[in-house]
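Here are the chains, one letter per residue:
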Amino acid sequence: MVLGRASNGTSKSVYNTLNIQFEGRSKFQVTMDITREIYQRDGLRGYYRGYLASLSTYVPNSAMWWGFYQIYQDQLIKIVPDNVSHLLLQCVAGTLGGFTTTIITNPLDVCRARLQIQRLESFPRTFSILWHEEGMRIFTKGLSARLTQSAVFSFAIILGYETIKRFSVKDDYRHYVRW
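Residues numbered from 1 in each chain as written. Predicted model: local features only at pLDDT ≥ 70, side-chain atom pairs only at ≥ 80, totals over all residues. Heavy atoms only, no water.

Participant: Break down the overall build of the protein chain for me, with residues and values.
Facilitator: Scanning the protein chain from N- to C-terminus turns up 5 helices and 2 strands. Taken from N to C terminus, the helices and strands of the protein chain fall in the order β-β-α-α-α-α-α. Over its C-alpha trace the protein chain gives a radius of gyration of 21 Å, far above what one expects of a compact globule, namely 16 Å for 179 residues. A principal-axis box enclosing the C-alpha atoms of the protein chain has dimensions of 60 × 35 × 30 Å. For the protein chain, the proportion of its 179 residues judged to be buried stands at 32%. When contacts within the protein chain are restricted to residue pairs at least 6 apart in sequence, those whose partners lie at least 24 apart make up 58%. Summed over all atoms, the accessible surface of the protein chain reaches about 11,600 Å², with 63% contributed by carbon and sulfur. (Helix = DSSP H or I, 4+ residues; strand = E, 2+ residues; numbered from the N terminus. Rg over C-alpha atoms; globule rule 2.2 N^0.38 Å. Buried < 20%, exposed > 50% of the residue type's maximum accessible area, 1.4 Å probe, protein only. Contact = heavy atoms within 4.5 Å. Areas by Shrake-Rupley, 256 points an atom, 1.4 Å probe, with all protein chains shown as cover.)

See below:
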């Protein structure tokens, strides 16, 4: 999280903006140095660097995710045989919704990460720098890792959410729910 990497063609640059020594040190020691350095440079405000950029990434992502989950669920119900587990169908719909929102919001997440790691001044400036350096690659940079994370997260969230809903339904309404 402290080291940022940029690739421009054949060379890769490593950004260690806090100048933290990593070699031969425990994770706890490095974590304490990072915490201390951020506080010395920026005070409490330093711990919230990129907070608005995170909100501008995760709020639309979450809102779209639930919408796409419902859309995919409705479409899968139409094409999947009735003997297929409804919970499985919902988990697949959640995963597809996660994939869709991840692809749509990936440039925002790349920008958020760069803003936080390289300590740049603003979201628009960071996006401009990224566009100049990466061009169209901004849409695919880090996408495979985000898709993997999204698949696991989406599947687990829907599995938990829909299972809890099943346990929470009153007996009077159980016959209205497709299991």
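Participant: Could you give me a rundown of the packing of helix α2 (residues 51-79) against helix α5 (residues 143-168), with the residues and numbers involved?
Facilitator: Contact geometry of α2 with α5 gives a least axis separation of 13 Å together with a crossing angle of 65°. Crossing hand, α2 versus α5: right-handed. Across the interface between the two elements, Asn-61, Trp-65, Trp-66 and Tyr-69 from α2 touch Arg-146, Ser-154, Ile-157, Ile-158, Tyr-161 and Glu-162 from α5. Across the contact of α2 with α5, the residue classes tally to 6 nonpolar, 2 polar and 2 charged. (Axes fitted to C-alpha atoms, helices over the stretch in contact; angles between N-to-C directions. Left-handed = near helix turned anticlockwise from the far one by under 90°. Nonpolar A, V, L, I, M, F, W, Y, C, P; charged D, E, K, R; others polar.)

Participant: A description of the packing of aromatic side chains should follow, citing residues and the corresponding values.
Facilitator: Counted by the stated rule, this structure contains 9 aromatic pairs. For the ring pair Tyr-48 and Tyr-51, a centre distance of 6.3 Å and an interplane angle of 85° mean the geometry is edge-to-face. In this structure Tyr-48 comes out as exposed when scored by relative accessible area, which is 57%. Using a relative accessible area of 47% as the deciding quantity, one classes Tyr-51 as partly exposed. (Phe/Tyr/Trp six-rings, centres within 6.5 Å; stacked < 30°, edge-to-face > 60°.)

Participant: Describe the nonpolar core, listing the residues and the values that go with them.
Facilitator: Counting residues in each nonpolar core, the largest one holds 8 residues, listed as Trp-65, Tyr-69, Leu-76, Leu-87, Leu-89, Cys-91, Ala-93 and Ile-158. When contributions to this core are tallied by element, the ones reaching two or more residues are α2 and α3 (86-118). Examining the composition of this core, we find that 4 residues originate from one element, α3, more than from any other. Those residues within four positions of Ile-158 in sequence are excluded, and the remaining contacts are Trp-65, Trp-66, Tyr-69, Gln-90, Cys-91, Gly-94 and Thr-163. Counting 5 residues, the second-largest nonpolar core is a separate cluster that includes Leu-18, Ile-20, Ile-34 and Ile-38. (Core = buried A, V, L, I, M, F, W, Y, C linked by side-chain atoms within 4.5 Å.)

Participant: Please provide a residue-by-residue account of α3, values included.
Facilitator: Helix length check: α3 (33 residues) gives 45 Å between terminal C-alpha atoms against 48 Å at 1.5 Å per residue, within 8%. Residue Thr-105 marks the point of greatest curvature in α3, where the axis turns by about 55°; the proline Pro-107 follows within four residues. Burial within α3 is extensive, with 24 of its 33 residues counted as buried. Positive backbone phi, approximately 60°, marks Arg-119, located one or two places after α3. (Expected span 1.5 Å × (residues − 1). Bend = angle between axes of the 7 residues up to and from the residue.)

Participant: How would you explain a nonpolar patch on the surface if you had to name every residue and give the values?
Facilitator: A cluster of nonpolar residues, Tyr-39, Leu-44, Tyr-47, Tyr-48, Tyr-51, Leu-52, Leu-55 and Val-59, forms a patch on the protein surface that exposes about 910 Å² of accessible area. Considering every element that reaches the nonpolar patch, the biggest residue donor is α2, with 4 residues. Residue placement: Leu-55 occurs in helix α2. Leu-55 gets classed as partly exposed once you look at its relative accessible area, which sits at 35%. (Patch = residues over 30% accessible without salt bridge, like charges linked within 9 Å, V, L, I, M, F, W, Y side chains within 5 Å. Salt bridge = Lys/Arg side-chain N within 4 Å of Asp/Glu carboxyl O.)

Participant: Before we move on, can you summarise the pattern of salt bridges with the specific residues and values?
Facilitator: For the structure on display, the rule yields 13 salt bridges. With its nearest N and O atoms 3.9 Å apart, the salt bridge here joins Arg-114 to Glu-134. Taken together, the residues Arg-114 in helix α3 and Glu-134 in helix α4 (residues 123-134) connect sequence positions 20 residues apart. Of the two residues, Arg-114 and Glu-134, neither departs from the other in class, the shared state being buried.

Participant: Can you lay out the environment of Leu-52 for me, pointing to particular residues and giving the numbers?
Facilitator: You can see Leu-52 is positioned in helix α2. Taking the C-alpha atoms as reference points, Leu-52 and Ser-122, 70 residues apart in sequence, are found 9.8 Å from one another.

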